[in-house]
Amino acid sequence: MSLEIVITPEANNGKRILIEGSLDSNTSSNLQQSIDANINNSVKTTILDFEKLEFLSSAGLRVIFKVKKRMENNGGKFLMVNLQPQIIKVFEIIKAIDSMSIFKDQAELDAYLKVIQDKVIDGE
Amino acid sequence: MQNKQTISLQNKISNSVKLSEFFAECAKEYEISTDIYNDLRLVIEETFVNIASYAFAQEDSHTVTVEAKRTPDKISITFTDDGIAFNPLTDPTGFKDTDDHCEGGMGIRIITSLTDYQEYNRIGKTNVFTVTKYYTKPDNTLK
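Overview of the structure. (Residues numbered from 1 in each chain as written. Chains lettered and ligands numbered in written order. Predicted model: local features only at pLDDT ≥ 70, side-chain atom pairs only at ≥ 80, totals over all residues. Heavy atoms only, no water.)

Considerations on the nonpolar core
Stated precisely, the cut-off is as follows: Joining through side-chain atoms within 4.5 Å is the link that ties buried Ala, Val, Leu, Ile, Met, Phe, Trp, Tyr and Cys residues into a set, and such a set is a nonpolar core. Working definition: with a 1.4 Å probe on protein chains only, accessible area under 20% of the residue-type maximum means buried, over 50% means exposed, and in between means partly exposed. Each helix corresponds to a stretch of at least 4 residues labelled H or I by DSSP, and each strand to a stretch of at least 2 residues labelled E; elements are numbered beginning at the N terminus. Residue contacts are counted whenever heavy atoms from the two residues lie within 4.5 Å of one another.
Of all hydrophobic cores here, the largest spans 64 residues; its most connected members are A:F50, A:I64 and A:F91. A per-element tally of this core places helix α2 (residues 34-54) of chain B first, with 9 residues. When neighbours within four sequence positions are excluded, A:F50 is seen to be in contact with A:I19, A:I64, A:M80, A:V81, A:N82, A:L83, A:Q84, A:I87 and A:F91. Within the second largest apolar cluster, 5 residues are counted, among which are A:I47, A:L79, A:V81 and A:F103.

Structure representation (structure tokens):
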């Protein structure tokens, strides 16, 4: 199974990465290349959208943790949304759930982003 | 229904795609549940990639044979290769259980978490690694 990657702009210097298919040992390098080409230091929020991801292996996890670290090192945010049960299970196995910012759906993510945006508007 | 199916693959990581397709066919034949299929698909990917990455000298062409065997109560997947002695449950990169998940060892944790039993033996010049997961009658059979 292949991996489709669609990267779109989000508000406030954000990027959304929609991944579809299988993120594994054969496709993880494709995601890494897309991230390297599109997520630079000016990006303040990266949202990884798992809605259409069916399969995730440790090779894919390494790319995810790498971009998370890159965002955090630059003072940005790395958020994950729409994880399917079999994908959540993988994060649970490696005990990474608590260290990730995971939102169950778009509504939950929107609520979080609104709070962040309101803080910016209020000058906090 | 055949209760044992085998595929032989060259030791290239890219062949994990063929292995995944092979196991999808096995899953249909064996009528295993989607949950068990998803678990074992991931275990098979992690194990094969580990073997292809570490059991052979670079550039060497070898064959890895994978057998999927179903019995009434369980499914066993056996990987056989003629590489150097290598247990897929050992991490040559050095496992560090820290917040930095890039350190390796995740594949091993996945294999041991998603299967009920794992056994490695060095038999002559052959590595034989078997993972076993107990079978339950499916509610949501893979279509």
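Once you've had a look at it, read on.
Describing empty space enclosed by the protein
Rule in force here: Any residue with an atom within 4 Å of a point lines the site, the site being either a cavity, points on a 1 Å grid over the protein atoms alone where a 1.4 Å probe fits but cannot get out, or a pocket, an open set with protein on both sides within 12 Å along at least 5 of 7 lines. Grid points are joined across faces, edges and corners, and a volume is the space filled by probe spheres set on the points.
The final tally for this structure, using the stated rule, is 2 cavities of 30 Å³ or more. In this model, the largest cavity occupies a volume close to 100 Å³. A:F55, A:Q86, A:V90, B:N38 and B:L42 are the residues nearest the centre of the largest cavity, which is lined by 13 residues in total. Listed by contribution, the elements that provide at least two residues to the lining of the largest cavity are β3 (45-56) and α3 (85-93) of chain A together with α2 of chain B.

A word on the pairing of strand β3 (residues 74-81) of chain B
Residues and elements named next belong to chain B. We apply this condition: Strand pairing is assigned whenever DSSP detects at least two bridges linking the two strands.
The element β3 is extensively covered by neighbouring structure, given that 6 of its 8 residues are classed as buried. Judged from the 8 bridges that link them, strand β2 (residues 63-71) and β3 form a sheet pairing that is antiparallel. By the bridge assignment, E67 is partnered in β3 with T78. Between β2 and the antiparallel strand that follows it, β3, lie 2 residues.

What about the interface of chain B and chain A?
The condition is simple: By convention, the term buried area covers the 1.4 Å-probe accessible surface removed from two parts as they join, with the contributions of both added. Salt bridges are defined by distance alone: a side-chain nitrogen of Lys or Arg within 4 Å of a carboxyl oxygen of Asp or Glu. Whenever a nitrogen or oxygen atom comes within 3.5 Å of another N or O atom, the pair is scored as a polar contact, on the condition that within protein one atom can donate a hydrogen and the other can accept it, and that pairs from neighbouring residues in sequence are kept only if both atoms are in side chains.
Of the residues lining the interface, 22 residues belong to chain B; the matching set on chain A comes to 22 residues. Note on chain B versus chain A: buried area summed over both sides is about 1800 Å², and carbon and sulfur give 61% of it. Counting the contacts that link chain B with chain A gives 1 salt bridge. Put simply, B:D39 and A:K89 hold a salt bridge, and the shortest N to O gap is 2.9 Å. On the surface where chain B and chain A come into contact, there are 5 residue pairs in polar contact (both at pLDDT 80 or more).

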